[in-house]
Structure formats: structure tokens, C-alpha cells
Amino acid sequence: MAESVTKRSEDYSKWYTDVVQMAELADYGPVKGTMVIRPYGYAIWESIRNICDRMFKETGHVNAYFPLFIPESFMKKEAEHVEGFAPECAVVTIGGGKQLEEPLYVRPTSETIIWSMYKKWIKSYRDLPLLINQWANIVRWEMRTRLFLRTTEFLWQEGHTAHATAEEAEAEAMKMLEVYRILAEDYLAMPVYVGRKSDSEKFAGAVRTYAIEAMMGDKKALQSGTSHFLGQNFAKAFDVTFLNKENKLEYVWASSWGVSTRLIGGVIMCHGDDKGLILPPKIAPHQVVVIPIWKSDEEKSLVKGKLESLGAELKAKNIRYFIDDNEQATPGWKFNQWEMKGVPVRVEIGPKDVQKNQIVVVRRDIKDKQFIPMDNAGDVIVTLLETIQKDLFNRALEFRNQNTFPVSNYEEFKKIIDDGGFVKAFWAGSAADEVKIKEDTKATIRCIPLNQTEKGVCFFTGKPSDTIAIFARAY
RNA sequence: CGGGGUGUAGCGCAGCCCGGUUAGCGCGCCUGCUUUGGGAGCAGGAGGCCCUGAGUUCAAAUCUCAGCACCCCGACCA
């Protein structure tokens, strides 16, 4: 009986697919490109969603919900937007058995329908800022899909804000970018490069796009969150104006920002190993799994007694724990199963432990096994979870830094990209140069870090440059 | 849309080339007994429009043609 995943070193994408399915995170839906998020995967999404939602509310945002269907005419109002999204949209042309007067787009993102409503709601500077987020599903008809990373339909949040000034809208985009950085680094333990997108990579309809970019276990990049300064593009397209303090009519300034279930894919590829998933404690549905062990009925009642007191202690410390007392499965099977599912800490209690008043505690990430006294188990485990959270981040950070390289010419660049890794180097090229690099190497500018002060020479054009860019192959 | 491939039990496959009784195997599932500190053992059992349609033949999972679906590599895409 060999129920293990493909080794990461053998076939990384097979490994990924194996983990997603064997850890019961998701399954393929009946329609090509669709995904069923299974309870365990959904629980991870709920963790992420709760963390985000709290941070959004702490930064002054409120939730609302806008319709799934968008009239075709709305999509066409912003030229770049329709050009960018129309080819990957699903369109409804029949309703109630009749051909519709106007086709309805299934939202690929909600800027258009939201700004059509903002036109009604915004009249004065007193109505601003308007800071709305929605949790929703969206549809993008992708040609090639991968569970969590790119599916036809996925879950996300999209924030859409309206402001009286460009500075305020830009500040909002930056603020939410920072929220995303905190989400990625402090909760998902996934270090990210934070920066601006090049013009060719920016969102269709944005003035500027910002992103967080993470390195996966195969040294490819994953765009993990984006935040856009939209300028007045959508306000102009939907004619959203307000009277400012000087009683002058002005177009509203906007931002939008989003993260999606793709983050789950990021967590899998950032931390996972050949035994499966490794979840950061802060988002793990179960932070601790307790596996009781007994043979006789006598041992069973002894162990059960200890389980109760341990459960009470873990609960008192607000630890999310699960006692796997299923008698149909053997302990060995459970060990493997919960390692596959990435539970950060495993606790074993058997007759021997009861006798010594101890428990066995095993870390998922480094397999470290220790025996600790029963009495202060709660405190020890709280500390252990914090340590694991930090260690996961540091391990990922070290991996990323060791695989991020400077280059001084294009030959070096090609070698790094071919061998796998990020390139962090001075850049003064054009959009055409970006295309050329992409054609040659499949690498793109992932982001241009903010607040740069250094000067150097562009590795591609040889021109002087004050801009460092990060290049990589991406998902 | 171009190139290649695959459709047989819940999953993974064999059988097909060379047509011939009740279509097999592994895992999973069910029942019973024994087990339980790293994926338990034995015994018994359930489960199949062999992708669809047409054709060839005494006879088709197997040969021929058409269709459909899916997968991989491109193209496209974040």
C-alpha cells in the first residue's frame, strides 16, 4: 500500500496536483477548468478570509455584494478593460429560454458594475471616500487550468474604493498592498517582494498596478495579490463626478485590490514537502492533531481520561485541535494522513505516556519529536506553534534569498532563469525589450520594488539605471 | 486552432497487434475474525451499456469509419 505523493524533485507539478488531491483540498469539477473546494481546503480559505476581513475592517472598509451579471455595454465602456478581459469572459446570451436583448457577462472582475452604482451614490466630496469590499466568485475562461492557481471560476475578494484626490486613491492602493504583505508574510509565512508592475503587466484599466510576488518551491514566481491605482479611468467611463469643496465638478479617483483562493496554491508550493502539505499554524484548520493509542480496553479508558484533560487545556489556550480517535484506522495510517494534510503539530498519547504523565509532540515541518510533561502541555504547544510559524517564514525567506541573483549581462540572466531562480537587477529597457526577454526566456518582470535609491547599469541595454527590477518565470 | 495520445469497476491499469466460453489485476469499498507506538493480516463478498453510433463477421472490448470527451506539448492567458 503506497499512498504517497510524487516526489517534488521528480515532477513538481505532479507533486502539486497529488498534494491538492490527497490532502483533500480540492477536486476537479465536471466542467473543464472548474474546481470543487473540499471541506479541508475551504477551511483554509475561511482562515485566510477571516484574517483579511478583519484587516479590511480595521482599515475602514465595509462589505457589500454586487451582481454576478454585467451588461455587455458596461464592459465596453472602458477601452483597455474590455480589450483585456473580453477574450476570457463567459457570456450569457439566453435567459428563460429566450435570446437576451443584451448579452450578460459573467463578472471577470467587478469594476464596471460597481462604478455604475457609484455613479448613483457619489454626488459630493462628503460622500467620499467610499471604501467597499466584496467577497465573491468570478469567472475567467482560461485555456489551461491548475487547481487553485488558475481555474475557470474562483473565489476572491475585490476592494473598490472611491476618493476625492489622486493622492488619496494612490495612498489607499499602497495601504492595501501593505495589508497583503502582512497577510502573506505574517500569516501565510510566505515572504514576498513588494512592488509595482511594469506597464505591460499592469491591470487592464489601471494607471498603476502593485503586486506582491512570492517564490514557490520550484523557484517560479506566484503573483499573490494585486492593488491598483485606477486614476479616473473608471470614473470617466461611467461618468462618476462629485462636487469638491470649491464647488467644482470633478471625476472621482479610484483604487481596486484583490486576493484569491490562489493564495492556497501559494501556501502549498511555498512550504510543502515530499510528505505533503505543511500549513502555517495561523491558518491551519487544525493546529494540533491528537492521536491516542491503546490496545486493551483498560488502556483505552486510561488514555481517554488523559485526552479529556489535554483537550480542556488546549481549548483554554485557544488552540485549534482535533482528536483523531477513529478506531478503524491504525496510528501509522493517521500519522501519514495528517502529515499529508500539513497539521503543524502532532500529539501522541499512549499507555506508556500515561504512565509517565507525558505526551509525545512532533513538529510537521522538521519532524522533530519530543516528550513533554502533561502538566504544562498547553504552554509548550502555544510556544511551539509560534516557533513553527516563524521558522516556516525564515526557511522560505532563506530559500528565496538564496535563489535570487544579481546579473550584469543578458547571458548571466538567461543562465539564472534556465537554472531556476529570480533575477534582481538594474533595468532600463523598453516594453519591446520585455517582450524580447519573455520570448527568449519566458521570464517577465514580476515587480519593481518601491522606494529605490541605488544607481547602476541595465543588464540588458547597458544604459545607466536607477531602477532594480525582479524577473522570473511565473505561474 | 496545430501536433501527439487516451477512453475497460470508485481510482490506476492489463487485455486489443493476432476477433472465439463466465472481461482480468492492484488499490479502494462491504462482511467476519484477529489487530492498533509509522500506511495491519487472513477469509469471504459487492461492483462493468469495455465512450457513442454505424459497419465488417457465424462471432467485436479487440478490425474499419465517423462522432464525442478528456489529457500532454505548442499557441493563448495571470
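Note that the coordinates shown come from a computational prediction; the quantities given were computed from them, not determined experimentally.

Draft legend 1. Spotlight on the side chain of E172. Along the chain, E172 turns up in helix α6 (residues 166-187). For E172, the contacting residues outside a window of four places in its chain are H61, L131, T161, H163, S255 and W257.

Draft legend 2. Up close: helix α13 (residues 410-419). Among the residues of α13, those classed as buried are Y410, F413, I416 and I417. End-on view of α13: buried residues confined to an arc of 120 degrees, all on one side of the axis. Opposite the packed face of α13, turned more than 90 degrees from it, sit the exposed residues E411, K415 and D418. On its buried face, α13 sits against β20 (404-405), β21 (422-426), α14 (431-441) and β25 (468-472). Among the residues of α13, the N-terminal cap falls to N409, whose side-chain oxygen and the backbone nitrogen of E411 are separated by 3.1 Å. Phi turns positive, to about 100 degrees, at G420, one or two residues after α13.

Draft legend 3. Up close: the protein's contact with RNA strand B. Every one of the 34 residues lining RNA strand B counts as a neighbour, but R144, R150, T330, R346 and D353 are closest to it. When the atoms of RNA strand B within 4 Å of the protein are grouped by moiety, sugar and phosphate amount to 40% of the total. At 2.9 Å from a base nitrogen of RNA strand B is found a side-chain nitrogen or oxygen belonging to N336. Here a base oxygen of RNA strand B sits 2.8 Å away from a polar atom, N or O, in the main chain of K352. Broken down by secondary-structure element, the contributors of at least two residues to the surface near RNA strand B are α10 (331-340), β17 (345-349) and α11 (351-356). In the surface near RNA strand B, the residues fall into twelve nonpolar, seven polar and 15 charged.

Draft legend 4. Layout of the nonpolar core. Ranked by size, the top nonpolar core spans 62 residues in total, and within it L25, I48, F148, L183, M216, I268 and L277 carry the most contacts. It is α6 that contributes the most residues to this core, ten residues altogether. Both domains that furnish three or more residues to this core are identified here as domain 1 (12-271) and domain 2 (288-384). Apart from the residues lying within four places of it in its own chain, the contact partners of I268 are W15, Y16, V19, V20, L25, F148 and L277.

Draft legend 5. Layout of the domain arrangement of chain A. The assigned domain composition of chain A is domain 1 (12-271), domain 2 (288-384) and domain 3 (405-472). Taken over C-alpha atoms, the centre of domain 1 sits 41 Å from the centre of domain 2. Listed by partner, the interface residues are four residues for domain 1 and four residues for domain 2. Together, the buried faces of domain 1 and domain 2 total about 460 Å²; carbon and sulfur atoms form 56% of this surface. We note a salt bridge from E24 to K341, for which the minimum N-O separation is 2.9 Å. In this structure, the connection of domain 1 to domain 2 is made through two residue pairs in polar contact (both at pLDDT 80 or more).

Draft legend 6. Highlighting the environment of Y105. In this fold, Y105 is placed in strand β6 (residues 98-106). According to the relative accessible area criterion, Y105 is buried, its value standing at 7%. Taking the C-alpha atoms as reference, Y105 lies 18 Å from Q134; in sequence the two are 29 residues apart. Setting aside residues up to four positions removed in sequence, Y105 forms contacts with L68, F69, I70, E72, M75, A86, C89, A90 and V91.

Draft legend 7. Broad picture of the sheet that holds strand β18 (residues 358-363). Read across the sheet, five strands follow the order β16-β15-β17-β18-β19 without closing on themselves; strand pairing throughout is mixed. The open sheet terminates on both sides in strands that have one partner only, identified here as β16 (321-323) and β19 (369-373). Between one strand and the next, the sheet's axes are offset by a mean angle of 25 degrees, whatever the strand orientation. Sitting on the sheet, helix α12 (residues 377-402) touches β15 (288-292), β17, β18 and β19, and the angle it makes with β18 is about 5 degrees.

Draft legend 8. Spotlight on the packing of helix α2 (residues 39-58) against α6. It is at 11 Å that the axes of α2 and α6 come closest, and there the two elements cross at 145 degrees. Along this stretch, α2 crosses α6, giving a crossing that reads as right-handed. Residues I48, I51, C52, R54, M55 and F56 of α2 lie in contact with α6, whose contacting residues are M176, V179, Y180, I182, L183 and Y187. When grouped by side-chain class, the residues that make up the contact of α2 with α6 number eleven nonpolar, no polar and one charged.

Draft legend 9. Geometry of helix α9 (residues 297-316). Counted at 1.5 Å a residue, the expected span for α9 with its 20 residues is 28 Å, and the 29 Å between its end C-alpha atoms agrees. When we look at burial in α9, the residues that qualify are V303, L307, L310, G311 and L314. Buried residues along α9 cover an arc of 110 degrees about the axis, so they all sit on one side. Exposed side of α9, more than 90 degrees from the buried face: E298, S301, E308 and A316 are the residues found there. Taken together, the buried residues of α9 touch β15, β16, β17, α11, β18 and α12. Following α9 by one or two positions, N318 has its phi on the positive side, about 60 degrees.

Draft legend 10. Spatial organisation of the packing of aromatic side chains. This model, assessed by the stated rule, comprises 22 aromatic pairs. On the basis of an interplanar angle of 40 degrees and a centroid distance of 5.1 Å, the ring pair of Y12 and W15 is categorised as tilted. Here the residue Y12 and the residue W15 both occupy positions in helix α1 (residues 12-22), the gap between them amounting to three residues, near one helical turn. In this pair, the class of Y12 matches that of W15, namely buried. One aromatic cluster in this structure is built from Y410, F413, W427, F459, F460 and F471. If you follow R8 out to its NZ or CZ, it ends over the ring of W15, 5.6 Å from the centre.

What counts, and where the lines are drawn
- Residues numbered from 1 in each chain as written.
- Chains lettered and ligands numbered in written order.
- Predicted model: local features only at pLDDT ≥ 70, side-chain atom pairs only at ≥ 80, totals over all residues.
- Heavy atoms only, no water.
- Helix = DSSP H or I, 4+ residues; strand = E, 2+ residues; numbered from the N terminus.
- Contact = heavy atoms within 4.5 Å.
- Buried < 20%, exposed > 50% of the residue type's maximum accessible area, 1.4 Å probe, protein only.
- Arc of directions from axis to C-beta.
- Polar contact = N/O pair within 3.5 Å; in protein donor to acceptor, adjacent residues only side chain to side chain.
- Near = heavy atom within 4 Å.
- Nonpolar A, V, L, I, M, F, W, Y, C, P; charged D, E, K, R; others polar.
- Core = buried A, V, L, I, M, F, W, Y, C linked by side-chain atoms within 4.5 Å.
- Domains from an automatic or database assignment.
- Buried area = accessible area lost by both parts, 1.4 Å probe.
- Salt bridge = Lys/Arg side-chain N within 4 Å of Asp/Glu carboxyl O.
- Pairing = 2+ DSSP bridges.
- Axes fitted to C-alpha atoms, helices over the stretch in contact; angles between N-to-C directions.
- Left-handed = near helix turned anticlockwise from the far one by under 90°.
- Expected span 1.5 Å × (residues − 1).
- Phe/Tyr/Trp six-rings, centres within 6.5 Å; stacked < 30°, edge-to-face > 60°.
- Lys NZ or Arg CZ within 6 Å of the ring centre and 35° of its normal.

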